[in-house]
Amino acid sequence: MVWADGGYTGSLVEYCLAALALVLAIVKRSDDMRGFVVLPKRWIVERFFAHLMRSRRLARDFERSTGSAEAMIYWSMTLLMTRHLARPRPSRG
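Here is what the cut-offs are and how they apply
- Residues numbered from 1 in each chain as written.
- Predicted model: local features only at pLDDT ≥ 70, side-chain atom pairs only at ≥ 80, totals over all residues.
- Heavy atoms only, no water.
- Helix = DSSP H or I, 4+ residues; strand = E, 2+ residues; numbered from the N terminus.
- Rg over C-alpha atoms; globule rule 2.2 N^0.38 Å.
- Buried < 20%, exposed > 50% of the residue type's maximum accessible area, 1.4 Å probe, protein only.
- Contact = heavy atoms within 4.5 Å.
- Areas by Shrake-Rupley, 256 points an atom, 1.4 Å probe, with all protein chains shown as cover.
- Lys, Arg positive; Asp, Glu negative; His and termini not counted.
- Charge placed at Lys NZ, Arg CZ, Asp CG, Glu CD.
- Pairing = 2+ DSSP bridges.
- Right-handed = clockwise from strand over helix to strand, strands pointing away.
- pLDDT = per-residue confidence, 0-100.
- Patch = residues over 30% accessible without salt bridge, like charges linked within 9 Å, V, L, I, M, F, W, Y side chains within 5 Å.
- Salt bridge = Lys/Arg side-chain N within 4 Å of Asp/Glu carboxyl O.
- Axes fitted to C-alpha atoms, helices over the stretch in contact; angles between N-to-C directions.
- Parallel < 35°, antiparallel > 145°, perpendicular 65-115°, else oblique.
- Nonpolar A, V, L, I, M, F, W, Y, C, P; charged D, E, K, R; others polar.

## Examining the overall build of the chain
1) Next: Per the secondary structure count, the chain includes three helices and two strands.
2) Next: In sequence order, the secondary structure elements of the chain are arranged as β-α-β-α-α.
3) Next: Rg of the C-alpha trace for the chain: 18 Å, well past the compact-globule value of 12 Å for 93 residues, more than 25% over.
4) Next: Along the longest, intermediate and shortest principal axes, the C-alpha atoms of the chain span 45 × 45 × 30 Å.
5) Next: Counting across all 93 residues of the chain, residues that qualify as buried make up 13%.
6) Next: Sequence-distant contacts in the chain: of pairs separated by 6 or more residues, those separated by 24 or more amount to 20%.
7) Next: In the structure as shown, the chain presents an accessible area of about 8,000 Å², 60% of it carried by carbon and sulfur atoms.
8) Next: Averaging the coordinates of the 15 positive side-chain charges in the chain and doing the same for the 8 negative ones gives two points 12 Å apart.

## Thoughts on the pairing of strand S1 (residues 2-5)
1) Next: Pairing between S1 and strand S2 (residues 24-27): four bridges, direction parallel. Looking at the pairing, Trp-3 lines up with Ala-25 of S2.
2) Next: In this view, the connection linking S1 to its parallel neighbour S2 by way of helix H1 (residues 11-19) has right-handed handedness.

## Notes on the side chain of Ser-76
1) Next: Structurally, Ser-76 is set in helix H3 (residues 66-86).
2) Next: Not counting residues up to four positions away in its chain, the partners in contact with Ser-76 are His-51, Leu-52, Ser-55 and Leu-58.

## Focus: unusual backbone geometry
1) Next: Positive phi is not limited to glycine here, since Ala-21 has a value of about 55°.
2) Next: Judged by its relative accessible area of 64%, Ala-21 falls in the exposed class.

## A closer look at the confidence of the model for the chain
In low-pLDDT segments, the atomic positions of the prediction should not be examined closely.
1) Next: For the chain, mean pLDDT is 80; residues scoring 70 or higher make up 98% of the total.
2) Next: Averaged pLDDT values for the elements of the chain fall to 78 in helix H2 (residues 42-53) and rise to 87 in H1.

## Notes on a nonpolar patch on the surface
1) Next: A grouping of Val-2, Tyr-8, Leu-12, Tyr-15, Leu-20 and Leu-22 is seen on the molecular surface, where their side chains present a nonpolar patch of about 530 Å² in accessible area.
2) Next: Take Tyr-8: it is sitting in the loop between S1 and H1.

## A few points about the environment of Leu-17
1) Next: Checked against the element boundaries, Leu-17 lands in helix H1.
2) Next: On the basis of relative accessible area, Leu-17 is assigned to the exposed category, the value being 54%.
3) Next: For Leu-17, the residues in contact, after removing those within four places along its chain, are Leu-22 and Val-23.

## Some details on the packing of H2 against H3
1) Next: Remark: H2 packs on H3, axes separated minimally by 9 Å, with the N-to-C direction vectors making an angle of 100°. Judged by the inter-axis angle, H2 sits roughly perpendicular to H3. Every residue of H3 that contacts H2 at Phe-48, His-51 and Leu-52 is listed here: Ile-73, Ser-76, Met-77 and Leu-80.
2) Next: Tallied by class, the residues present in the contact of H2 with H3 amount to five nonpolar, two polar and no charged.

Below is the structure:
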C-alpha cells in the first residue's frame, strides 16, 4: 500500500498495480476544507521528509549518483533510529 497526494491520480494508479504490484491509495482533500487541515496518512509522509531534511546534506540534491543519495537516506534514518532506541524509557512504577 502506497499513499499519494491528489496530484497523482490518473493512469499512475493502474500502472502501479499492473507493473509494480502496489496499491496506490490517493489521499484527497475535500472541497469544503479551508486553510491547513491534517489529512489522514499524509502526516506520516511529511514527518518522514522532515526527518530527512534534518540531515543538511539531504536538504539539497548534492548527490551525483542514486547510490550515494540512497546511502545518505540510510545514514539519516540510522541516526533517527539510534536516537529513538537510546532514548530512556519512563519507568512503569
